[in-house]
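Spelled out, the chains give:
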Amino acid sequence: MLGYYFEKFFTIYARRFFIRPVCPIPSTPSLSIETTNICNSRCIFCANLVMRREKKSLSLEAFKRSVDEYAAMGGEEIDFNVTIGDPLLDKYLLDRVRYVRRRYRQIKTVGFITSLQWLHRYDLEEFFNSGLTWISVSTVLSGRDRYRDFFGVDKYYQMLANLKMLLIENRRKNTPLIVWIAIKPTPEPAKIIMKHPDYQEIKLLSRLDLDTQIRKRHFYVDDWIGAIKLPRYLKKRPLYYRRKRPCRILYKGLMIFSNGNIGACSCRDFEADSDLILGNIESDSLQGTWKSERLSSIRSDWLNDNKIPHICRSCRHYLY
């Protein structure tokens with residue numbers, strides 16, 4: 001019996017707090033490109049309203065250089081996920097997708113997260129033929145008021161029409177596009193959401209197990225390192241123990257921000273100016289940045305000496 005409790009302690013607590021597995025470093029990182037940091041929404045959990053850096057789209061020249069260098073490294077995974085911004089507000093979005101998919105067959109997947117408020121601006125045939133492989137829609141499906149409360153804009157019916165249009169066309173084309181739907185937490189019982197007619201309609205069109213997502217939803221989010229004040233029903237994620245335990249994101253990939261800065265993290269560096277910025281695509285290569293002494297030191301200093309980058313000390317998006 002004593003052995004049982006010792007083993008339980010070891011597996012649950014000792015591994016969590018004392019053992020420091022070394023994350024493998026892939027020869028080629030994943031690559032996230034913030035094609036734009038422009039966003040019209042005023043989400044209650046986002047730092048968009050306090051962001052000071054210039055709102056702009058990444059130049060096509062910088063974008064192409066990034067993709068060319070990444071492909072030369074043997075890269076196969078690109079996304080247009082943003083720290084802040086909605087890719088659908090980037091006027092060059094489909095040009096970028098076509099450049100990636102038609103020029104480099106080795107890159108198998110290209111996609112992004114969006115509110116989908118602006119899909120109606122695009123020709124749907126061009127959208128599907130661009131080469132996109134996936135899209136994730138962040139939304140609320142329980143009515144106009146709840147949507148406005150969460151996203152800060154009165155775009156519920158516009159989003160809903162776009163979502164229906166996307167799902168219907170995707171099904172008509174035999175689902176060439178993987179469409180995920182991420183329903184944001186709102187302060188209402190799960191049964192109320194699941195009974196809403198809009199939710200029911202989208203569930204049937206998408207064929208996703210949205211019920212399980214709603215039942216397992218949580219109200220824990222990040223406060224962007226203290227930059228925003230969350231409403232009472234949204235709780236901050238715990239500040240997990242991280243002593244000599246580098247965030248695994250530092251071992252996964254690189255981020256190129258809309259101003260060209262290259263960063264080691266795509267999560268919470270909303271000003272793109274933290275101690276995780278490694279260079280700029282205009283003057284630094286991706287290969288050199290990924291293999292740089294700077295990035296290596298960030299990892300080793302944290303792992304061996306507990307020198308945690310300032311932006312990581314109170315980040316509630318920390319992963320280990």
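Shown above is the structure to which this text applies.
Calculation rules
- Residues numbered from 1 in each chain as written.
- Predicted model: local features only at pLDDT ≥ 70, side-chain atom pairs only at ≥ 80, totals over all residues.
- Heavy atoms only, no water.
- Phe/Tyr/Trp six-rings, centres within 6.5 Å; stacked < 30°, edge-to-face > 60°.
- Helix = DSSP H or I, 4+ residues; strand = E, 2+ residues; numbered from the N terminus.
- Buried < 20%, exposed > 50% of the residue type's maximum accessible area, 1.4 Å probe, protein only.
- Lys NZ or Arg CZ within 6 Å of the ring centre and 35° of its normal.
- Pairing = 2+ DSSP bridges.
- Axes fitted to C-alpha atoms, helices over the stretch in contact; angles between N-to-C directions.
- Contact = heavy atoms within 4.5 Å.
- Lys, Arg positive; Asp, Glu negative; His and termini not counted.
- Salt bridge = Lys/Arg side-chain N within 4 Å of Asp/Glu carboxyl O.
- Disulfide = S-S within 2.5 Å.
- Parallel < 35°, antiparallel > 145°, perpendicular 65-115°, else oblique.
- Left-handed = near helix turned anticlockwise from the far one by under 90°.
- Nonpolar A, V, L, I, M, F, W, Y, C, P; charged D, E, K, R; others polar.

Undergrad: Give a description of the packing of aromatic side chains that names residues and reports values.
TA: In this structure the tally under the stated criterion is 15 aromatic pairs. Look at Phe-45 and Phe-150: their rings are 5.3 Å apart centre to centre, the planes differ by 40 degrees, and that puts the pair in the tilted class. Residue Phe-45 is found in the loop between strand 1 (30-33) and helix 2 (60-72), and its partner Phe-150 is found in helix 5 (residues 144-151); the two are separated by 105 residues along the sequence. Grouping residues by exposure puts Phe-45 and Phe-150 together as buried. Taken together, the ring pairs in this structure connect Phe-45, Tyr-147, Phe-150, Phe-151, Tyr-156 and Tyr-157 into an aromatic cluster. If you follow Arg-96 out to its NZ or CZ, it ends over the ring of Phe-63, 5.1 Å from the centre. Over the aromatic face of Trp-290 sits the side chain of Arg-299, whose NZ or CZ is 5.1 Å from the ring centroid.

Undergrad: Describe the sheet that holds strand 1, naming the residues involved and giving the relevant values.
TA: A sheet is described by the order of its strands in space; here eight strands give the open sequence 5-4-3-2-1-8-9-10, paired in mixed fashion. On the outer flanks of this sheet lie strand 5 (178-183) and strand 10 (277-280), each paired with one strand and no other. Pairwise comparison of adjacent strand axes, ignoring direction, gives a mean angle of 20 degrees for this sheet. Bridge count for strand 1 against strand 2 (residues 77-79) is two bridges, and the pairing is parallel. When the bridges of strand 2 are listed, Ser-32 appears paired with Asp-79. The strands touched by helix 2 within the sheet are strand 1, strand 2 and strand 8 (253-256), with strand 1 carrying the most contacts at an inclination of about 175 degrees.

Undergrad: Give a description of the side chain of Asp-198 that names residues and reports values.
TA: With respect to the helices and strands, the residue Asp-198 is situated in helix 8 (residues 197-206). It is Lys-164 that comes nearest to the buried, bridge-free Asp-198 among opposite-charge side chains, at 5.0 Å. Aside from chain neighbours lying at most four places away, what touches Asp-198 is Leu-141, Tyr-156 and Leu-160.

Undergrad: I'd love a proper account of the state of the cysteines, names of residues and values included.
TA: Counted by the stated rule, this structure contains zero disulfides. Considering cysteine sulfurs only, Cys-43 is the nearest to Cys-39, which forms no disulfide, with 6.0 Å between them. Under the relative-accessibility criterion, Cys-39 is labelled buried at 19%. The structure places no disulfide on Cys-247, whose sulfur is separated from the nearest cysteine sulfur, that of Cys-265, by 6.2 Å. The exposure class of Cys-247 is buried, given its relative accessible area of 9%.

Undergrad: Break down the packing of helix 2 against helix 3 (residues 93-103) for me, with residues and values.
TA: It is at 11 Å that the axes of helix 2 and helix 3 come closest, and there the two elements cross at 25 degrees. Between helix 2 and helix 3, the crossing angle belongs to the class labelled roughly parallel. Considering only the axes of helix 2 and helix 3, their crossing is right-handed. Contacts between helix 2 and helix 3 pair Leu-60, Phe-63, Lys-64, Val-67 and Asp-68 from the former with Arg-96, Tyr-99, Val-100 and Arg-103 from the latter.

Undergrad: Please set out the packing of helix 6 (residues 156-172) against helix 8 residue by residue, giving values where relevant.
TA: Running from amino to carboxyl end, helix 6 crosses helix 8 at an angle of 20 degrees, the nearest separation of the two axes being 9 Å. When the interaxial angle is binned, helix 6 and helix 8 end up roughly parallel. As for how helix 6 packs across helix 8, the hand of that crossing is left-handed. Counting all contacts with helix 6, which are made through Tyr-156, Leu-160, Leu-163, Lys-164, Leu-167, Ile-168 and Arg-171, the residues of helix 8 involved are Asp-198, Glu-201, Ile-202, Leu-204, Leu-205 and Ser-206. Per-class residue counts for the contact of helix 6 with helix 8 are eight nonpolar, one polar and four charged.

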